[in-house]
Every structure is written in C-alpha cells, then in structure tokens.
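Fold and contact review
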Amino acid sequence: MDTSERANFGHTHRYSDSHRVTVQMTAHIIKKRPTKDLIDWLSFTVKHQTDLFHTYLVGKQIEHVMTIVANDPVLAKMHQNVTRPGQNGLELHKGRFPYKHMLKDKSSAFRLYFDDKHDHVLFELSGQGCAMLSELELLTLIGTHREQITRLDLATDIECDTSPTEILDTLDAGRFRSTGHYVSDSGSTVYVGSQKSDRYARVYRYFYPHPRHKWLRYEMVFRRQQAQTVAQTLLDTSLRNTIAEAGEVFGWSHESWQYRSTRKIECYRPMRGQAKSERWFYSQVAPAIKRLMAEGVLTRTEVLTALGMAQSGEASSPQ
C-alpha cells in the first residue's frame, strides 16, 4: 500500500513510513449518499526549544517561532502554502487572550500565537488551512503532536435536502442540555451542546445560490483531553471510522446521517461543576503560581506544602 493511501473501512492503514496500525473497524454506512469526510480544525502547542525565549525582543521571538516551523516538515509545507505568489505570507498582529502576539496569513488559514509569558507556541489550522494539506500530512501532524492537541474538529458533508432544524427534532432531548438555531443571510445553523464546553456540534447548510447549498454539514468540535482522545482514535483507525464513533457521542439518528458504529469514542466527562473548576485552575491558579515562583515570592516547597503534597521532611515550618 502506498503511504498516501488509506482505506476507510479496511483493516490496515499507514500515516507515515514508520507507523502502521492494524485495527478492527467499527463503522458501517447506512445509505450510500455522496459524502465528504474531513478534518476541519487543528490546534496544538509546541514548547520552545530555549529557556531564554522570555528575554527576546519580538523580532527575535519571531525568528525562534519560524525555526520551529522550519524544523517540522508539515508546518514548513503549511508555511510554503501561505507564502506562494499572490499571498502576503505571515504577518504580525495582536494576539488573542492569553497571548500578546499572533502571526497569520491574510486568510487566517494558519495562525501562530506566542509571547514572553508562555513556554510554548500555539499553532492553529482553520478549515481552510487543513484543506491546504493532504490527509496524510494532517495525520502526521496529529501523530507528532497528539499529546499537545488543544482542539480537533471533524466534519462530514452530505448531499441531501435535509434542513438543520430536522436534526434537532430527532435528537435525544436528555443527551445535551443546550441547543440552538440561528439563521443568517447565508444559511441556517443548529448547535448541539454548549459552545463553552469541551465538545459540541453544529449542523448547517447554506442557502441557494451558495456553491455548497446542496450539502448538509455536520461539524463536531472537541477540545483539550477530548480532542486528544479523538486524535488517538484517528491514528488507530481511520477518518471515516472516527467520524462514525464521534457521531455516536452526539447521537445522530436522522436518516441523513450516513454512519453507524458499534462503539462511540469514550471521552473524559468531568462531574457537573468539575469542568468549570478545571478551567479556573488552569487559566488562573496555575499561571498565578508559576508567576509567583518565577518572582521568588513562593518556593516549590511552599507550593507543595499549601497543596498538602510535600514529602516527609520537605515541608517548611512557619516562620
């Protein structure tokens, strides 16, 4: 089998010359309609290769970031795609919270976030950016950075006449507490699950005369640990099989949905209220502790003692 060839329902696939996995596929097609399966968003972090990054001026920070890009063949290919004739390449912009700086191309297909307060660079490939790479290249990125993936979106386009609102009518009302329907000048969209959560979905279609008005799109968004679990399923099986298992998570049951699976992706589900506590810890508490340690206000021993994690003999006595 050629390294760029991947069987959706076969038992073997390869996403690089050094990685071949044999698995039992669990998905099957219900009806044969024209479909397009794709990875529609990919975000991941890469740690700096130097401890001096926080001392660099912005110009030198950019040089270091671009060295990370150059050392990764797929990221280098992505950079080449957005710097072709007629493109402006990557330009410096103000970042979004919590990053000060952002490098991006004109179409925002490829975005890089960084500053002197973080020990990593956040890479984002939008749907347009993912479309610039082959499935093999995307899987290579996912395989290389799986444990650092922060968001991964799966999508399937289905040629049919179904309205997005018909999908809501067939959902299990108790599965997701939050749903919504939005209509714009260009199309109709329904949301399943909270957009603030680590997994949610949207189903939409464009109105005529948009070129894609004949297609109904299912998009499934996974963040953080959920995204890493989906990434592992992608690496272990195939894109279509992963979409089928992800579909079982959302309980798609409308006849327009093409796939069924004998299992669903088992993503981590925090207890009610636990997700907010985790986000609070990672977004506020952990950065504050790191800053206080860097400024010499707190020591490692004091932090561990406050958390009740100090080893015997390590706890410091009150002064």
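Our structure's up above, just so we're on the same page.
A few points on the structure. (Residues numbered from 1 in each chain as written. Predicted model: local features only at pLDDT ≥ 70, side-chain atom pairs only at ≥ 80, totals over all residues. Heavy atoms only, no water.)

**Considerations on the overall build of the protein chain**
Scanning the protein chain from terminus to terminus reveals nine helices and 14 strands. About 17,300 Å² of surface is accessible on the protein chain, with carbon and sulfur atoms providing 51% of the total. (Helix = DSSP H or I, 4+ residues; strand = E, 2+ residues; numbered from the N terminus. Areas by Shrake-Rupley, 256 points an atom, 1.4 Å probe, with all protein chains shown as cover.)

**Focus on the packing of helix α4 (residues 135-145) against helix α6 (residues 224-236)**
Packed helices, taken two at a time, are described by the angle between their axes plus the distance between the axes. Relative orientation of the contacting elements α4 and α6 amounts to 125°, with a least axis distance of 10 Å. Relative to α6, α4 is oriented oblique. Relative to α6, the crossing made by α4 is left-handed. Contact residues: α4 offers L139, I142 and G143, while α6 offers A231, L234 and L235. (Axes fitted to C-alpha atoms, helices over the stretch in contact; angles between N-to-C directions. Parallel < 35°, antiparallel > 145°, perpendicular 65-115°, else oblique. Left-handed = near helix turned anticlockwise from the far one by under 90°. Contact = heavy atoms within 4.5 Å.)

**Considering the nonpolar core**
Ranked by size, the top nonpolar core spans 59 residues in total, and within it F123, L152, M220 and W252 carry the most contacts. The greatest single-element share of this core, amounting to six residues, is contributed by helix α7 (residues 239-250). Excluding its chain neighbours within four sequence positions, the residues that come into contact with L152 are I39, W41, L42, I142, M220, V221, F222, A227, V230, A231 and L234. (Core = buried A, V, L, I, M, F, W, Y, C linked by side-chain atoms within 4.5 Å. Buried < 20%, exposed > 50% of the residue type's maximum accessible area, 1.4 Å probe, protein only.)

**Points about the sheet that holds strand β8 (residues 120-125)**
Strand order across the open sheet formed by 10 strands is β5-β6-β7-β8-β4-β9-β13-β12-β11-β10, with antiparallel pairing between neighbours. One side of each edge strand has no neighbouring strand; the edge strands of this open sheet are β5 (91-94) and β10 (179-183). Each strand axis lies, on average, 20° off the axis of its neighbour in the sheet, ignoring direction. Running at roughly 115° to strand β7 (residues 110-114), helix α2 (residues 73-81) makes contact with β4 (35-47), β7 and β8 of the sheet. Along the sheet face, α7 touches β4, β9 (149-159), β11 (187-192), β12 (199-206) and β13 (215-223) and points at about 90° away from the line of β4. (Pairing = 2+ DSSP bridges.)

**What about the packing of aromatic side chains?**
Each aromatic ring pair is specified by the distance between its two centres and by the angle formed by the two planes. One pass over the full model with this rule turns up 13 aromatic pairs. Ring centres of W257 and Y259 lie 5.6 Å apart, and the angle between their planes is 75°; on these two criteria the pair is classed as edge-to-face. These aromatic residues form a ring-pair network of at least three members: Y218, F222, F250, W252, W257 and Y259. The ring of W215 carries the charged tip of K36 above its face, separated from the ring centre by 4.3 Å. In this arrangement the basic side chain of R151 is found over the ring face of W41, its NZ or CZ atom lying 4.1 Å from the centre. (Phe/Tyr/Trp six-rings, centres within 6.5 Å; stacked < 30°, edge-to-face > 60°. Lys NZ or Arg CZ within 6 Å of the ring centre and 35° of its normal.)

**Structural notes on α7**
For α7, spanning 12 residues, the distance from its first C-alpha to its last is 17 Å, which sits close to the expected 16 Å at 1.5 Å a residue. Counting buried residues in α7 gives 11 out of 12 residues, a clear majority hidden from the surface. Within α7 the residues assigned to the buried category are L239, R240, N241, T242, I243, A244, E245, A246, G247, V249 and F250. Capping the start of α7, S238 holds a side-chain oxygen 3.1 Å from the backbone nitrogen of N241, two or three residues further along. Remark: G251 follows α7 within two positions and exhibits a positive phi of approximately 70°. (Expected span 1.5 Å × (residues − 1). Polar contact = N/O pair within 3.5 Å; in protein donor to acceptor, adjacent residues only side chain to side chain.)

**Notes on the pattern of salt bridges**
Within the structure shown, the criterion is met by 13 salt bridges. Across the pair R151 and D153 runs a salt bridge, and its minimum N-O distance is 2.7 Å. Each member of the pair R151 and D153 is classed as buried. R217 serves as the salt-bridge partner of D157, at 2.7 Å between the closest nitrogen and oxygen. (Salt bridge = Lys/Arg side-chain N within 4 Å of Asp/Glu carboxyl O.)

**Quick word on the pairing of β9**
Residues in a regular strand point their side chains to alternate faces of the sheet. Of all 11 residues in β9, nine are buried, a share of seventy percent or more. Of the strand pairs in this sheet, β4 and β9 are connected by nine bridges, and their pairing is antiparallel. Across the sheet, the residue bridging to S43 is R151, located in β9.

**Points about unusual backbone geometry**
Generally, phi is negative for residues other than glycine and the peptide bonds are trans, each holding for most cases. Of note, the bond from F97 into P98 is cis; its omega dihedral lies within 30 degrees of zero at 10°. Relative to the elements of secondary structure, P98 occurs in the loop between β5 and β6 (101-104). The omega torsion of the bond from Y208 to P209 falls at 15°, within 30 degrees of zero and hence cis. Considering the arrangement of structural elements, one finds P209 in the loop between β12 and β13. Positive phi outside glycine occurs at S108, with the angle close to 60°. When you line up the elements, S108 lands in the loop between β6 and β7. For R224, which is not a glycine, the phi torsion comes out positive at approximately 50°. Within the secondary structure, R224 sits in helix α6.

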